[in-house]
Amino acid sequence: MEIKDIILESQKALAIRLNCSFAELGDKFGEIYSEIGKHLKENSIKTAGYPYGKYHSFSPEKIDLEAGIAVEGNAEPAGRIILTETYGGKAVMTVFTGHYDKLADAWKKFAEVVDGSGYKLAGPCFEVYVTDPAEEPDSSKWITELYTPVQ
């Protein structure tokens, strides 16, 4: 697995943060992106990147999840949609290609490489969904970027 050092620029984002179990994760992502997408469309808000999922804490029983998308202009929060910022700073990243049900294995391998490389963690890990499954039905072509903030 190839990892890269990268510096990320922080961006404004609209997101929803909630707790769920690992089993509920896929449904929660769908629910969140549907709600945010509706808000973007109703308010003519332009996106400034791909959707992301940030894991503030993670266990099979409880995940503290923030899912959102970077936006342009003067975006306003609404209901449970918050205005926040994406991570800005030093990180290590890798690219995973395949179905989302294999992401847990990819994260495990990525964590082993990062841990073995002597990096000091500096914040919650997150993933960026480069491929939209609605536009690419072949899940073997889905691209997800995995990021770990480091010092």
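That block above? That's the structure.
Predicted model, so just to flag it, every value in this text is computed and none were measured.

Enquirer: Explain the overall build of the chain to me, please; I cannot follow it from the model alone.
Expert: Along the backbone of the chain there are two helices and eight strands. Helices and strands in the chain line up, N terminus first, as β-β-α-β-β-β-β-α-β-β. Based on the C-alpha atoms only, the size of the chain along its principal axes is roughly 45 × 30 × 30 Å. The buried share among the 151 residues of the chain stands at 38%. Taking all contacts inside the chain whose residues are at least 6 apart in sequence as the whole, residues at least 24 apart take part in 75%. Of the roughly 8,500 Å² of accessible surface on the chain, a fraction of 51% belongs to carbon and sulfur atoms. On the chain, the mean spot of the 16 positive side-chain charges and the mean spot of the 24 negative ones are 2 Å from each other.

Enquirer: So what exactly am I meant to see when it comes to the sheet that holds strand β6 (residues 89–97) here?
Expert: Strand pairs in the sheet, formed through backbone hydrogen bonds, run parallel or antiparallel to each other. Ordered in space as β1-β6-β8-β7-β3-β4-β2-β5, the eight strands form an open sheet in which the pairing is antiparallel. At either margin of the open sheet sits one strand with a lone partner, and together these are β1 (4–8) and β5 (82–85). Averaged over all pairs of adjacent strands, the angle between their axes in this sheet comes to 35°, without regard to strand direction. Pairing analysis gives four bridges linking strand β2 (residues 12–20) to β5, with the strands arranged antiparallel. Pairing of A15 across the sheet is with I82, part of β5. Along the sheet, helix α2 (residues 103–116) contacts β6, β7 (125–129) and β8 (143–149); its crossing angle with β8, the most-contacted strand, is approximately 35°.

Enquirer: Would you mind going over the pairing of strand β4 (residues 63–71) with me for this structure?
Expert: Successive residues of a regular strand alternate their side chains across the two faces of the sheet. Burial runs high along β4: nine of the nine residues are buried. The side-chain alternation of β4 yields two buried faces, one formed by I63, L65, A67, I69 and V71 and the other by D64, E66, G68 and A70. Of the strand pairs in this sheet, β2 and β4 are connected by eight bridges, and their pairing is antiparallel. From the neighbouring strand, A13 faces β4, where its bridge partner is A70. Following strand β3 (residues 47–58), the chain reverses through four residues before pairing antiparallel with β4.

Enquirer: Just checking my understanding: could you explain the packing of aromatic side chains for this structure?
Expert: Centre-to-centre distance and the angle between the planes together describe a pair of aromatic rings. The full count for this structure, using the stated rule, is 10 aromatic pairs. Relative to F58, the ring of Y55 has its centre 5.4 Å away and its plane inclined at 85°; by these criteria the two rings are edge-to-face. Here F126 and Y147 contribute two aromatic rings whose centre-to-centre distance is 4.9 Å and whose plane-to-plane angle is 5°, an arrangement assigned as stacked. Taken together, the positions of F126 in strand β7 and Y147 in strand β8 put the pair 21 residues apart, joining distant regions of the chain.

Enquirer: Would you mind showing me how to read the environment of G123 here?
Expert: By secondary structure assignment, the location of G123 is in the loop between α2 and β7. When the C-alpha atoms of G123 and Y33 are compared, they prove to be 23 Å apart, with 90 residues separating the residues in sequence.

Enquirer: Before we go on, may I ask you to explain the pattern of salt bridges in this structure?
Expert: A side chain with one charge may pair with a side chain of the opposite charge, provided their charged atoms come close. All told, the structure shown has five salt bridges when counted by the stated rule. One salt bridge in this structure joins E31 and K28, with 3.6 Å as the shortest N-O distance. With E31 and K28 both in helix α1 (residues 25–42) and three residues apart, this pair spans about one turn of that helix. Here K38 and E42 are joined by a salt bridge, their closest N and O atoms 4.0 Å apart. Of the two residues, K38 and E42 are both situated in helix α1; the distance of four residues between them amounts to about one turn of the helix.

Enquirer: Quick question: what am I supposed to make of the state of the cysteines here?
Expert: Evaluation of the coordinates by the stated rule reveals zero disulfides. The thiol of C20 is not disulfide-bonded; the next cysteine sulfur, from C125, is found 16 Å away.

Enquirer: What am I meant to see in α1 here?
Expert: Every α-helix winds through 3.6 residues per turn, so residues three or four apart in the chain are directed the same way. With 18 residues, α1 should reach 26 Å at 1.5 Å per residue; the first-to-last C-alpha distance of 26 Å fits that figure. Here the buried face of α1 lies against β2, β3, β4 and β7. Directly after α1, the chain includes S44, whose backbone phi takes a positive value near 50°.

How each quantity is defined
Residues numbered from 1 in each chain as written. Predicted model: local features only at pLDDT ≥ 70, side-chain atom pairs only at ≥ 80, totals over all residues. Heavy atoms only, no water. Helix = DSSP H or I, 4+ residues; strand = E, 2+ residues; numbered from the N terminus. Buried < 20%, exposed > 50% of the residue type's maximum accessible area, 1.4 Å probe, protein only. Contact = heavy atoms within 4.5 Å. Areas by Shrake-Rupley, 256 points an atom, 1.4 Å probe, with all protein chains shown as cover. Lys, Arg positive; Asp, Glu negative; His and termini not counted. Charge placed at Lys NZ, Arg CZ, Asp CG, Glu CD. Pairing = 2+ DSSP bridges. Axes fitted to C-alpha atoms, helices over the stretch in contact; angles between N-to-C directions. Phe/Tyr/Trp six-rings, centres within 6.5 Å; stacked < 30°, edge-to-face > 60°. Salt bridge = Lys/Arg side-chain N within 4 Å of Asp/Glu carboxyl O. Disulfide = S-S within 2.5 Å. Expected span 1.5 Å × (residues − 1).

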